[in-house]
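Close look at the chain arrangement
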Amino acid sequence: MLRRLPILLLLVSVASFAEGEAGQYQTRSEFLIESFGHDKPASSIVWINNELRANATEVLGHAPAMLRMRYWYEGPRTAWIIDEIGKEQNITFGVVIENGEVQSLRVLHFRETRGWEIRYPFFTRQFSALRLTNDGSLSHGIDGISGATLSVKAATRSANFALVLDEYTRTTSQTASAP
Amino acid sequence: MNKTICWLGFALLVMASPARSETPNIEEIWAIVQQQQVEIDELKRKLAAADAQLAAADQKIEATGDYLDTFAMSEMQQPSTTIGGYGEVHYNNLNADDSARDVDQIDFHRFVLFFGHEFTDRIRFFSELELEHSLAGDGAPGEVELEQAYVDFTLTDTLSAKAGLFLLPVGILNETHEPPTFYGVERNSVESDIIPSTWWEAGAAVSGHYETGLSWDFAMHSGLAMPTTGGNAFRVRSGRQKVAEALASDPAYTARLRYSGIPGLDLGLSYQYQTDASQVSNDGLDEGQLLSANAIYSIGDFTFKGVYASWDFSGAAIEAAGADSQTGWFLEPSYRFRTARGDFGIYGRYQDVDAARAQDQFTQNEFGVNYWPTDNVVFKFDFRQREHNLASEAGRDFDGFDIGLGYQF
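Now for a look at the structure at hand. (Residues numbered from 1 in each chain as written. Chains lettered and ligands numbered in written order. Predicted model: local features only at pLDDT ≥ 70, side-chain atom pairs only at ≥ 80, totals over all residues. Heavy atoms only, no water.)

1. Some points on the pattern of salt bridges
All names here are of chain B. Counted by the stated rule, this structure contains 26 salt bridges over all chains. One salt bridge connects aspartate 343 with arginine 336, and the closest N-O pair in it is separated by 3.0 Å. Relative accessible area serves as the criterion here: at 11%, aspartate 343 is assigned to the buried category. On the basis of relative accessible area, arginine 336 is assigned to the buried category, the value being 17%. For the salt bridge of aspartate 360 with arginine 357, the shortest nitrogen-to-oxygen distance reads 2.8 Å. Each member of the pair aspartate 360 and arginine 357 is classed as buried. Salt bridges sharing partners connect three or more residues here, namely Asp301, Arg336, Arg338 and Asp343. (Salt bridge = Lys/Arg side-chain N within 4 Å of Asp/Glu carboxyl O. Buried < 20%, exposed > 50% of the residue type's maximum accessible area, 1.4 Å probe, protein only.)

2. Let's talk about the interface of chain A and chain B
At the interface, 45 residues of chain A touch 54 residues of chain B. Roughly 4,100 Å² is buried in total at the junction of chain A and chain B, and carbon and sulfur atoms are behind 53% of that figure. In this structure, the connection of chain A to chain B is made through four salt bridges. Across the pair arginine 258 of chain B and glutamate 117 of chain A runs a salt bridge, and its minimum N-O distance is 2.9 Å. At the junction of chain A with chain B, the criterion picks out ten residue pairs in polar contact (both at pLDDT 80 or more). At the level of elements, helix H1 (5-17), strand S1 (42-47), strand S3 (77-85), helix H4 (121-124) and helix H5 (149-171) of chain A are the ones that each hand at least two residues to the side of chain A that touches chain B. For the side of chain A that touches chain B, the element with the most residues is H1 of chain A, which contributes five residues. (Contact = heavy atoms within 4.5 Å. Buried area = accessible area lost by both parts, 1.4 Å probe. Polar contact = N/O pair within 3.5 Å; in protein donor to acceptor, adjacent residues only side chain to side chain. Helix = DSSP H or I, 4+ residues; strand = E, 2+ residues; numbered from the N terminus.)

Okay, structure coming up:
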């Protein structure tokens with residue numbers, strides 16, 4: 001047993017040196033800079049009224065917890081930050097939409113123990129050009145990852161929700177507030 | 001602006017007084033204008049007050065919204081301690097060639113609860129506690145098992161380590177075995193008789209993953225203690241010590257390489273080395289090596305799944321018994337139909353198992369259907385037909401059907 005002790009000690013010592021917030025891959029500011037070229041785009045708020053709440057409940061599979069959603073915009077481009085539960089923990093997604101099509105999806109914060117694959121481009125690039133069809137469904141499917149099914153579904157739900165919100169803002173007038 | 005309003009008031013006054021017989025003189029008009037100005041001033045004051053009230057109301061609404069958002073966000077934050085679980089109930093109706101071996105039973109096969117706790121965002125605890133066959137205790141068919149209990153350390157964005165009691169990184173089912181994630185009421189036999197899922201050991205492990213979709217695991221852990229005599233001699237599944245006052249003189253090592261860099265594709269290759277698969281020296285069973293490969297490929301709603309696993313043991317006794325090589329594999333195509341009322345999936349599976357016991361040497365065909373009314377609940381129905389390799393085991397050949405219900409949360 002003594003010959004195995006150094007491995008355990010090494011493991012513990014490495015863990016104790018770890019710094020920073022685990023699983024945070026992009027801050028809000030970094031996400032906005034990537035999305036708009038700077039971190040001061042105009043922002044606005046969508047109140048989750050009864051119509052949106054009903055749509056969101058259908059898309060998410062549960063009622064949204066928030067009363068309103070802040071978003072950022074510049075020209076036809078909007079950016080949304082959405083928390084959605086994977087298996088046990090919330091995953092924070094950033095979704096950029098332009099003219100009703102997803103431009104990019106990013107994992108800003110991942111807290112699950114499994115499903116790390118969804119943060120990487122080989123997975124997220126599937127969301128490019130995703131849009132809502134006339135019947136409200138997604139324009140194309142998202143291939144899953146074995147062992148990460150619930151994280152994949154959380155990403156898909158978040159993109160779908162962002163598209164619903166984006167469509168709502170484009171078809172109704174929203175009161176802008178300070179960036 | 002004020003002059004315009006005055007003259008407009010004057011004009012309206014004139015227009016509104018057609019019955020008046022006499023035109024007002026200039027003093028009367030001046031008095032009327034002054035009266036109108038007083039009223040206008042009062043209206044402007046009220047309008048300004050209303051604007052101020054509206055602004056204040058806006059501020060209150062914003063403040064209320066901010067507060068409720070904060071409350072909602074705090075509600076959304078996961079607590080430090082989380083609970084999850086899964087379960088499955090099975091009905092088996094199997095007709096064996098030897099009717100004494102017929103099976104007609106219903107069983108709550110697994111009731112599992114997960115408990116997790118986040119000490120910090122880098123140090124987390126995870127556990128899985130299972131009640132098998134509904135009833136545990138002396139003479140009861142089931143047992144209570146601690147299948148996972150480890151502390152996970154996130155070292156960097158791509159590197160983590162864990163220590164404690166954990167599932168070994170081999171095959172498909174061993175780490176991901178919640179009922180909605182697989183077809184068939186019963187788990188496949190390859191990952192039961194060759195890879196003895198659910199297979200957990202105690203020790204320490206390190207894992208890494210990269211942007212290419214490549215990941216690796218390495219674990220040093222407690223080993224098997226396979227029996228060398230009796231009806232279960234050299235049976236791998238019977239060698240699991242389940243970390244219950246387990247012999248630890250001869251550890252084992254497991255390594256896995258995995259590639260999932262293409263959505264829908266998952267490839268895994270595992271190697272395990274048992275320094276002494278019985279934990280007893282000079283008993284005729286020495287080293288053991290497990291090699292397993294697994295693949296999942298999904299394209300659209302079609303999925304193809306396969307596992308191959310093979311043991312190679314050394315030792316005079318196990319070689320004499322012809323159990324030094326134990327192998328199994330299965331192939332499983334499936335197709336999932338997505339409907340507004342839930343998903344339906346159909347599958348077929350062929351498996352070939354050649355394990356230590358004669359009764360564990362067989363081929364099996366099966367096909368069936370899963371119905372997911374929602375993602376985390378599944379109903380299952382399947383037909384199975386098993387044929388044993390040895391004529392002496394022909395009485396165990398069976399065909400029949402299974403019905404199951406599974407869930408996870």
